[in-house]
Amino acid sequence: MKHRHLLGLKDYPADDIKSIIDTAFSFKEVLERPIKKVPSLNGKTIVNLFFENSTRTRISFELAQKRLSADTVNFSASTSSLKKGETFKDTAQNLEAMKIDAVVMRHPTPGAPLHLTKHIDSIVINAGDGTHEHPTQAILDMTSLYEKFGYLKGLKIAIIGDISHSRVALSNIYGLKTMGAEVTLCGPSTLIPPFIEDLGVKVNYNIDEVIDWADALNVLRIQRERMHGGFLPSIREYRNLFGITTERLSQHKKELVIMHPGPINRGVEIDSAVADSDQAIILNQVLNGVASRMAILYLLLGGKLGEGND
Ligand code: CP
């Protein structure tokens, strides 16, 4: 692995993404065994530092750590001494003083994991930093696509919804473009950043044209908690224009893979019947999340590092 930390997929090497995906498939076999545990990270200590809510990412990282036999500690900001005024820097340095090996961090502020690397020597993995990046989600999404199609180069992936506020979208764009996939973004013009095409993606505001074009749709959550700027006239209008509904899909006679990073707003960006259909791989994404995070932890903490790690 070229980089010591996993902070984002911008400029992340294709070879390293491929190594993670290949290793994830090996670990997925471990997850199918009656005893789902290997000793790969025996003796390593990992702290999960979550400053923002999470179900999938936090539990999936914790399970991945346990499956690899690492010692894990969960830190919750709301019950820590941060509430007594301790600074982020002091918190980080006190954790490091307890001889840990890695920190998995989710934080509402873009760049917080990079900031953490300035204060501690442990390996840092970004579990989502505000509207910036969510690299492990993009890696599990690519693992799921690779498993379904057998390749990423030339695959046509549409990312639908609130691109502006989505760390999942940005990490997927970086990762998929690095791996040679074609990416089209679709959503309301108020939720697609200007100049996003500079990242090598296309933008198409017509959802039906996008469905005709795509091999897979990655449907994003409408993030009501980040939606204070009047970006949408109404949820009903969003659903009418961009919702992945049973009725809309039935008008397109084609096989299409449906993905969603979760949590889902059923009946808003996607119909329940679509999310629960055979063409949806949403729960397989969740399982691949454990395998992909096992691969990331194994390669960063147990694997051999290359020259010039930063
Ligand atoms: N996909 C994802 O990041 O979900 P959580 O917010 O539940 O971790």
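Overview of the structure.

Reading guide: rules and limits
- Residues numbered from 1 in each chain as written.
- Predicted model: local features only at pLDDT ≥ 70, side-chain atom pairs only at ≥ 80, totals over all residues.
- Heavy atoms only, no water.
- Buried < 20%, exposed > 50% of the residue type's maximum accessible area, 1.4 Å probe, protein only.
- Helix = DSSP H or I, 4+ residues; strand = E, 2+ residues; numbered from the N terminus.
- Right-handed = clockwise from strand over helix to strand, strands pointing away.
- 1 Å grid on protein atoms, 1.4 Å probe; cavity = no way out; pocket = protein on both sides within 12 Å on 5 of 7 lines; lining within 4 Å.
- Points joined across faces, edges and corners; volume = space filled by probe spheres on them.
- Nonpolar A, V, L, I, M, F, W, Y, C, P; charged D, E, K, R; others polar.
- Domains from an automatic or database assignment.
- Pairing = 2+ DSSP bridges.
- Contact = heavy atoms within 4.5 Å.
- Axes fitted to C-alpha atoms, helices over the stretch in contact; angles between N-to-C directions.
- Core = buried A, V, L, I, M, F, W, Y, C linked by side-chain atoms within 4.5 Å.
- Near = heavy atom within 4 Å.
- Polar contact = N/O pair within 3.5 Å; in protein donor to acceptor, adjacent residues only side chain to side chain.
- Areas by Shrake-Rupley, 256 points an atom, 1.4 Å probe, with all protein chains shown as cover.
- Phe/Tyr/Trp six-rings, centres within 6.5 Å; stacked < 30°, edge-to-face > 60°.

In terms of burial, strand β4 (residues 123–129) is a largely internal element, seven of the seven residues being buried. Taking the sense of rotation as the criterion, the β-α-β connection linking strand β3 (residues 102–107), helix α4 (residues 112–117) and β4 turns out right-handed.

Take the layout of surface pockets next. The computed volume of the largest pocket comes to approximately 410 Å³. If you go around the largest pocket, you meet 21 residues; those closest to its centre are Arg106, Arg167, Arg221, Gly262 and Pro263. Across the lining of the largest pocket, the residue classes tally to four nonpolar, 10 polar and seven charged. Residue-level mapping places the lining of the largest pocket at the junction of two domains, with at least three residues from each of domain 1 (14–133 + 287–302) and domain 2 (135–285). Looking at the second largest pocket, its volume works out to about 330 Å³. Partitioned by chemical class, the residues of the lining of the second largest pocket number four nonpolar, six polar and five charged.

Sheet architecture is open: five strands sit in the order β7-β6-β5-β8-β9, paired in parallel fashion. Every other strand in the sheet has two partners, leaving β7 (202–203) and β9 (257–259) as the edge strands with one partner each. Two strands pair when backbone bridges link them, and strand β5 (residues 156–160) and strand β6 (residues 182–186) are joined in this way by five bridges, in the parallel orientation. Bridging from a neighbouring strand, isoleucine 157 pairs with valine 183 of β6. On the sheet, helix α5 (residues 135–149) packs against β5, β8 (216–219) and β9 and is oriented at approximately 165° with respect to β9.

Looking now at the nonpolar core. Ranked by internal contacts, the top residues of the largest apolar core, which has 60 residues, are Ile125, Met142 and Leu297. Among the elements that line this core, the one with the most residues is helix α11 (residues 282–302), at nine residues. Composition of this core by domain shows at least three residues from each of domain 1 (14–133 + 287–302) and domain 2 (135–285). Excluding its chain neighbours within four sequence positions, the residues that come into contact with leucine 297 are Leu41, Ile46, Phe61, Ala64, Gln65, Leu68, Ile125 and Gly302.

Near the ligand, the surroundings consist of Ser54, Thr55, Arg56, Thr57, Arg106, His134, Gln137, Pro261 and Gly262. At a separation of 2.9 Å, an oxygen atom of the ligand approaches a polar side-chain atom of arginine 106. Between the ligand and glutamine 137, the relevant distance is 3.0 Å, taken from a nitrogen atom to a side-chain nitrogen or oxygen of the residue. Compared with its free state, where it exposes 250 Å², the ligand has 91% of that area covered by protein. Within the shell around the ligand, the residues separate by chemical class into one nonpolar, six polar and two charged.

Overall, the coordinates contain one cavity of 30 Å³ or more when judged by the stated rule. The calculated volume of the largest cavity comes to roughly 70 Å³. Taken together, Arg56, Ser60, Gln137, Leu140, His260, Pro261, Ile282, Gln285, Val286 and Arg293 make up the lining of the largest cavity. Looking at the lining of the largest cavity, the element that brings in the most residues is α11, giving four residues. Residue classes in the lining of the largest cavity are distributed as four nonpolar, four polar and two charged. For the lining of the largest cavity, the domains that each give at least three residues are domain 1 (14–133 + 287–302) and domain 2 (135–285).

To continue, consider the packing of aromatic side chains. Describing an aromatic ring pair means giving the distance of the ring centres and the angle of the ring planes. Under the defined criterion, the tally for this structure stands at six aromatic pairs. Relative to phenylalanine 88, the ring of phenylalanine 51 has its centre 5.9 Å away and its plane inclined at 50°; by these criteria the two rings are tilted. Here phenylalanine 88 lies in helix α3 (residues 88–97) and phenylalanine 51 lies in the loop between β1 (45–50) and α2 (56–67), a separation of 37 residues in the sequence. The pair formed by phenylalanine 51 and phenylalanine 88 is uniform in burial state, with each residue classed as buried. These aromatic residues form a ring-pair network of at least three members: Phe51, Phe75 and Phe88.

Note that all results are geometric; they support no functional claim without further evidence.
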